Amino acid sequence: MLGKQFLHGGDYNPEQWDETIWIEDMRLAKLANVNTMTIGIFSWSMLELTEGEYNWGWMDRIFELLNENGMNAILATPSAAQPRWMSEKYPEVLRVEHNRVRQEHKVRVNYCLSSPIYRQKCREMSRLLAERYGKNPALVLWHVSNEYHEDCHCDLCQQAFREWVQERYKTLDNLNERWGTAFWSHRYSDWSEIRSPQPWPAGEWSMMSLGVAWKRFNSELTVDFFNNEAKVLREVTPNIPLTSNIHTWDVNWRVLTDAVDIVSYDSYPRFQVDDGDYERSLHASFKYDYMRALKRQPFILMENNPSSPPGTKLRRPGYHITKTMQAVSAGSDSVLYFQWRNGKTSNEMFHGAVVNHDGRGDTRAFKEVAKVGSMLQDLESICGTNIDPDVAVIYDEENHWGIEFSTMARWDGRSYMNQVHSHYRAFWNRGIAVDVIPSVKDFSHYKVLVAPVLYMFLPGVAERIEEFVKNGGTFVTTFWSGYVDEDNHAISGGAPGYMSKVLGIRSEELDACANEIDFKGHTWKTEHFADVIHAEGAEVISTFKKEYYKGSPAITCNSFGDGKAYYMSSSHCEEFMNVFYGDIIKEAGVDTLYSEPLPKGVTCRERGGKLFVMNFAPEERIVKLPNGETTTIDAGQTLIL
Ligand code: GAL
């Protein structure tokens with residue numbers, strides 16, 4: 001089923017209603033061209049009423065109804081929210097905050113990732129679900145848990161962290177050396193002294209290596225927690241693929257990539273609340289490109305909002321279609337919503353759903369959902385097709401942590417993500433597909449590799465960059481790159497560290513200050529940073545115009561092997577980036593329908609031979625199509641050719 005037909009539907013929590021509503025939901029689902037329901041995500045306390053007292057009746061009946069109506073089921077394991085009885089009976093399943101205080105039973109995602117009891121309960125529940133529904137013809141996908149995020153600081157997690165550190169660093173001498181514990185008298189004399197960091201000012205926030213290590217440990221622990229259930233599901237239902245929906249960015253998702261069969265993502269861009277849609281759509285696109293690139297295969301859009309909650313500005317007609325087609329054009333094989341029917345009560349009862357509390361199938365939002373469903377049927381030929389870009393932009397979570405933990409680096413509001421977006425934007429403006437990849441991924445597929453602010457070198461990355469350029473690739477990097485190793489230790493010899501040779505430059509000092517540069521006969525203002533560098537073999541193609549370092553290189557290009565390596569000493573405005581990357585695109589022979597940027601707010605994507613042209617600007621835009629014709633696209637609308 002997956003890859004042959006787009007999944008269209010979403011989270012369904014039927015345990016709140018009786019069968020009359022379930023039957024009505026099946027009727028409405030057909031009207032909405034919906035073919036999939038995701039069930040059981042937070043259902044543990046309704047499936048196991050007290051320890052060992054099971055209540056399958058309602059879920060059995062939902063499966064029957066889904067089958068009778070030709071629908072697919074995505075079945076979740078309910079481990080994102082343990083039942084209250086479990087928290088009461090086994091308090092160790094509850095999460096401990098960084099202040100070392102154990103939480104009460106509350107909200108959700110409030111479980112300990114290490115607790116042997118919780119893991120055992122999760123395995124038992126996964127087995128029961130798999131044995132009961134694993135052969136059900138409606139079942140197409142496992143949805144393991146929900147949106148992993150945050151950490152637990154209990155004694156069990158502290159012990160697991162200690163073991164992880166010991167396994168990684170082997171000896172205390174090595175650990176002390178790699179973490180630089182001579183500073184401020186932080187030397188460890190016994191493994192038992194290792195504890196999780198805490199934010200400023202409460203606890204240990206000053207050790208840059210510890211901060212990054214704790215994040216790494218938690219990402220791996222999250223995958224281990226996923227595998228705890230996945231192993232059982234794979235054993236009982238080897239033919240049903242597994243996913244886990246990604247949302248927040250505090251886990252390094254790269255480490256989950258190999259564990260899941262399909263990457264899935266929950267996307268909530270809040271279009272139309274103000275005039276920032278252009279920026280929001282770029283951010284959404286960036287994340288879709290990251291999700292697709294993780295496995296270099298189509299992903300699943302597991303959640304998006306089908307309408308608008310009361311009290312927010314309503315999404316104007318057509319925007320829902322553009323928002324969902326954006327994901328499809330970037331490689332999603334689904335459009336799934338949170339949620340099908342608005343809850344009766346509690347936190348998300350007014351969230352925005354396909355079916356509102358009025359229960360009607362003729363609302364504007366419902367009709368747009370139905371329209372998306374019929375468009376997905378028409379687009380069936382592109383379902384399962386991949387996208388194979390010539391360009392990759394590195395966004396690396398570990399690099400991000402490294403920057404965040406470098407307190408003295410005065411990064412302030414100038415976020416790493418903004419820097420990465422400013423490079424990505426030049427491709428987005430031309431409708432050029434980009435793989436957004438972590439630095440440890442294979443670069444050999446690409447003609448152009450862009451690594452903005454590559455502050456931290458993970459092992460082997462610098463060597464692979466060298467190899468990439470030597471083999472004819474075009475590489476672009478920026479100021480504030482090549483400063484630390486994987487443990488957040490400054491690289492001796494200065495920046496850009498192990499990339500000095502490939503770039504043919506040396507950085508002396510970094511001025512956090514705007515400047516001006518000369519480029520192709522024009523003067524351009526720069527933003528935020530000016531890296532005072534020396535060309536050591538690289539050609540200088542632009543220089544600074546102001547300050548004591550006036551005349552020093554602002555942009556350099558080093559020919560290395562068959563390729564070229566560019567260094568940008570500053571961050572730049574959108575117009576400059578459009579011009580700069582226009583040359584790179586031409587020079588590197590990047591495959592593109594548009595060599596010039598599209599009108600502001602308009603982007604396009606090609607997938608499986610279909611061209612999606614989307615206008616995220618607040619007004620209509622006149623767009624020249626690749627066949628030479630000119631057309632007008634209204635604000636928030638999509639044209640599919
Ligand atoms: C998601 C979550 C859903 C629902 C939704 C509301 O992050 O997975 O269960 O809470 O947010 O927007």
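In this text the structure is predicted, and so the values were computed from the model without any measurement.

Chemist: When you look at the overall build of the chain in this model, what are you seeing that I'm missing?
Modeler: For the chain, the helix and strand inventory stands at 16 helices and 28 strands. Its C-alpha atoms give the chain a radius of gyration of 26 Å, near enough to 26 Å, the size a compact globule of 641 residues would have. Across its three principal axes, the chain shows a C-alpha extent of roughly 75 × 75 × 45 Å. Counting only residues that meet the buried cut, the chain has 58% of its 641 residues in that class. For the chain, long-range pairs separated by at least 24 residues make up 71% of all intrachain contacts whose partners lie at least 6 apart in sequence.

Chemist: Before we go on, may I ask you to explain the site of the ligand in this structure?
Modeler: Looking at the ligand, the residues that line it are Phe 42, Arg 108, Asn 146, Glu 147, His 247, Asp 266, Tyr 268, Glu 303, Phe 338, Glu 348 and His 351. For the ligand, an oxygen atom lies 2.8 Å from a polar atom in the side chain of Glu 303. When the ligand is considered free in solution it has 310 Å² of accessible area, and contact with the protein chains removes 89% of it. For the shell around the ligand, a count of residues per class yields 3 nonpolar, 3 polar and 5 charged.

Chemist: Looking at this model, I keep getting lost on the sheet that holds strand E21 (residues 553-560). Mind explaining?
Modeler: Pairing between sheet strands relies on hydrogen bonds along the backbone, with the strands arranged either parallel or antiparallel. In spatial order, the strands read E13-E12-E14-E15-E22-E21-E20; together these 7 strands make up an open sheet with mixed pairing. On the outer flanks of this sheet lie strand E13 (434-437) and strand E20 (539-543), each paired with one strand and no other. Strand-to-strand twist across the sheet, computed as the mean angle between neighbouring axes with direction ignored, equals 15°. The pairing of strand E12 (residues 391-394) with E13 spans 4 bridges and is classified as parallel.

Chemist: I tried to follow the side chain of Ser 206 on my own but got confused; where do I start?
Modeler: Take Ser 206: it is sitting in the loop between helix H7 (172-179) and helix H8 (208-236). Exposure remark for Ser 206: the relative accessible area of 15% places this residue in the buried category. A polar atom in the side chain of Ser 206 sits 2.8 Å from the side chain of Glu 204. Not counting residues up to four positions away in its chain, the partners in contact with Ser 206 are Trp 184 and His 186.

Chemist: Is there a simple way to think about the pairing of strand E26 (residues 621-624) in this case?
Modeler: The side chains of a regular strand alternate between both faces of the sheet. Because side chains alternate across E26, one face comprises the buried residues Arg 621 and Val 623, and the other comprises Ile 622 and Lys 624, none of which is buried. Where E26 lies against strand E27 (residues 630-633), 4 bridges are found, and the strand directions are antiparallel. Bridging from a neighbouring strand, Lys 624 pairs with Thr 630 of E27. Once E26 ends, the chain turns through 5 residues before running back antiparallel as E27, passing Gly 628 with a positive phi of about 95°.

Chemist: How should H8 be read in this particular structure?
Modeler: For the α-helix, the turn length of 3.6 residues means that residues three or four positions removed from each other point alike. Look at H8: 43 Å from first C-alpha to last across 29 residues, which is about the 42 Å you get at 1.5 Å a residue. The sharpest bend along H8 comes to roughly 30°, located at Glu 229.

Chemist: How should the pattern of salt bridges be read in this particular structure?
Modeler: Between side chains of opposite charge, pairing is possible as soon as their charged atoms come close. Within this structure, the stated rule accounts for 41 salt bridges. Arg 61 is the salt-bridge partner of Glu 64, the closest N and O atoms lying 2.7 Å from each other. Of the two residues, Glu 64 and Arg 61 are both situated in helix H3 (residues 57-68); the distance of 3 residues between them amounts to about one turn of the helix. Overall, the relative accessible area of 41% leaves Glu 64 in the partly exposed class. The salt bridge partner of Arg 168 is Glu 486, with a shortest N-O separation of 3.4 Å. Of this pair, Arg 168 sits in helix H6 (residues 155-169) while Glu 486 sits in the loop between strand E15 (474-478) and helix H15 (500-503), placing them 318 residues apart in sequence.

Chemist: Sorry, what's going on with the packing of aromatic side chains here?
Modeler: Two aromatic rings, taken as a pair, are described by how far apart their centres are and by the angle between their planes. Counted by the stated rule, this structure contains 43 aromatic pairs. With centroids separated by 6.2 Å and ring planes inclined at 80°, the aromatic side chains of Tyr 265 and Tyr 288 adopt a geometry described as edge-to-face. Of this pair, Tyr 265 sits in strand E9 (residues 264-266) while Tyr 288 sits in helix H9 (residues 277-295), and the two are 23 residues apart along the sequence. Each member of the pair, Tyr 265 together with Tyr 288, is buried. Members of the aromatic cluster, connected to one another through ring pairs, are Phe 427, Phe 519, Trp 524, Tyr 566, Phe 576, Phe 580 and Tyr 581. Its end group placed over the ring of Trp 17, Arg 341 keeps NZ or CZ at 5.7 Å from the ring centre.

Chemist: Would you take a moment to explain unusual backbone geometry for this structure?
Modeler: The phi torsion of most residues other than glycine is negative, and most of the peptide bonds are trans. Cis peptide bonds are those with omega within 30 degrees of zero, and the linkage from Trp 200 to Pro 201 qualifies with 0°. Relative to the elements of secondary structure, Pro 201 occurs in the loop between H7 and H8. The omega angle of the peptide bond from Ala 495 to Pro 496 is 0°, so this bond is cis rather than trans. Tracing the backbone through its elements, the reader meets Pro 496 in the loop between E15 and H15. Here Val 107, not a glycine, exhibits a phi torsion of approximately 40°, which is positive. If you trace the backbone, Val 107 turns up in the loop between helix H4 (84-89) and helix H5 (116-133).

Chemist: What exactly am I supposed to notice about the environment of Gly 3 here?
Modeler: Among the secondary structure elements, Gly 3 is positioned in the segment before strand E1 (7-12). Taking the C-alpha atoms as reference points, Gly 3 and Ile 300, 297 residues apart in sequence, are found 10.0 Å from one another. If we skip the residues at most four places from it in the chain, Gly 3 touches Asp 333, Cys 383 and Gly 384.

Chemist: Looking at this structure, how should I read the packing of H9 against helix H13 (residues 416-428)?
Modeler: Any two packed helices are characterised by the angle at which their axes cross and by the distance between the axes. Their axes nearest at 10 Å, the elements H9 and H13 cross at an angle of 90°. Accordingly, the angle class assigned to the pair H9 and H13 is roughly perpendicular. On H13, the residues that touch Tyr 278, Glu 279, Ser 281, Leu 282, His 283, Ser 285, Phe 286, Lys 287 and Asp 289 of H9 are Met 417, Val 420, His 421, Tyr 424, Arg 425 and Trp 428. Partitioned by chemical class, the residues of the contact of H9 with H13 number 7 nonpolar, 4 polar and 4 charged.

Chemist: Explain the environment of Ile 541 here, please?
Modeler: The topology assignment puts Ile 541 in strand E20. Once the C-alpha coordinates of Ile 541 and Cys 557 are considered, the two residues, 16 residues apart in sequence, prove to be 7.0 Å apart. Not counting residues up to four positions away in its chain, the partners in contact with Ile 541 are Asp 518, Phe 519, Ile 555, Thr 556, Cys 557 and Tyr 566.

Chemist: Help me out: how do you make sense of helix H10 (residues 319-329) in this one?
Modeler: By the criterion of burial, H10 is predominantly enclosed, with 11 of the 11 residues buried. Buried within H10 we find Tyr 319, His 320, Ile 321, Thr 322, Lys 323, Thr 324, Met 325, Gln 326, Ala 327, Val 328 and Ser 329. Positive phi appears at Gly 331, one or two residues downstream of H10, with a value of about 120°.

Chemist: Mind showing me how you'd approach the sheet that holds strand E28 (residues 638-640) here?
Modeler: The strand order E24-E25-E28 describes an open sheet built from 3 strands, whose pairing is antiparallel. Edge positions in the sheet fall to strand E24 (602-607) and E28, since each has one partner strand and no second. The sheet shows a mean angle of 15° between the axes of neighbouring strands, taken without regard to direction. Inspection of the sheet shows strand E25 (residues 610-615) paired to E28 by 3 bridges, in the antiparallel sense. Each bridged residue has a counterpart across the sheet, and for Phe 612 the counterpart in E28 is Ile 640. Running over the sheet, H10 touches E24, E25 and E28 and is turned about 140° from E25.

So, how was this worked out
Counting from 1, residues in each chain are numbered in the order their sequence is written. Only residues with pLDDT of at least 70 get local features here, since the model is predicted, and only at 80 or more are side-chain atom pairs given and counted; chain-wide, interface and lining totals rely on the full set of residues. By convention in this description, side-chain values take in all heavy atoms of the structure and omit both hydrogens and water. The helix count covers DSSP runs of H or I at least four residues long, the strand count covers runs of E at least two residues long, and both are numbered beginning at the N terminus. C-alpha atoms define the radius of gyration, and 2.2 Å times the number of residues to the power 0.38 defines the globule rule. Each residue's exposure class comes from its accessible area (1.4 Å probe, protein chains only) as a fraction of the maximum for that residue type: buried when under 20%, exposed when over 50%, partly exposed otherwise. Any pair of residues with heavy atoms lying within 4.5 Å of one another is described as a contacting pair. Here a residue is near a molecule or strand as soon as one of its heavy atoms is found within 4 Å of it. Polar contact is the term for a pair of N or O atoms within 3.5 Å; when the atoms are in protein, one must be able to donate a hydrogen and the other to accept it, and sequence-neighboring residues count only if both atoms are side-chain atoms. Accessible areas in this description were obtained via Shrake-Rupley with a 1.4 Å probe; residue shielding takes into account the shown protein chains only. The nonpolar class holds Ala, Val, Leu, Ile, Met, Phe, Trp, Tyr, Cys and Pro. Asp, Glu, Lys and Arg form the charged class, and all remaining residues, Gly among them, are polar. We call two strands paired when DSSP finds no fewer than two bridges between them. To get an axis, a line is fitted to the C-alpha atoms, and for a helix only the part in contact is used. The angle between two axes follows their N-to-C directions and goes from 0 to 180 degrees. Any helix carries an expected span of 1.5 Å times its number of residues minus one. A residue's bend is the angle separating two fitted axes: one through the seven residues that end there, the other through the seven that start there. In what follows, salt bridge is the name for a side-chain nitrogen of Lys or Arg lying within 4 Å of a carboxyl oxygen of Asp or Glu. Planes of paired rings set the category: under 30 degrees apart is stacked, over 60 is edge-to-face and the rest tilted, where pairs are Phe, Tyr or Trp rings (Trp by its six-membered ring) whose centres lie within 6.5 Å. Note on geometry: a ring has a charge over it if NZ (lysine) or CZ (arginine) is within 6 Å of the ring centre and within 35 degrees of the ring normal. Here roughly perpendicular refers to angles of 65 to 115 degrees, roughly parallel to angles under 35, roughly antiparallel to angles over 145, and oblique to all remaining angles.

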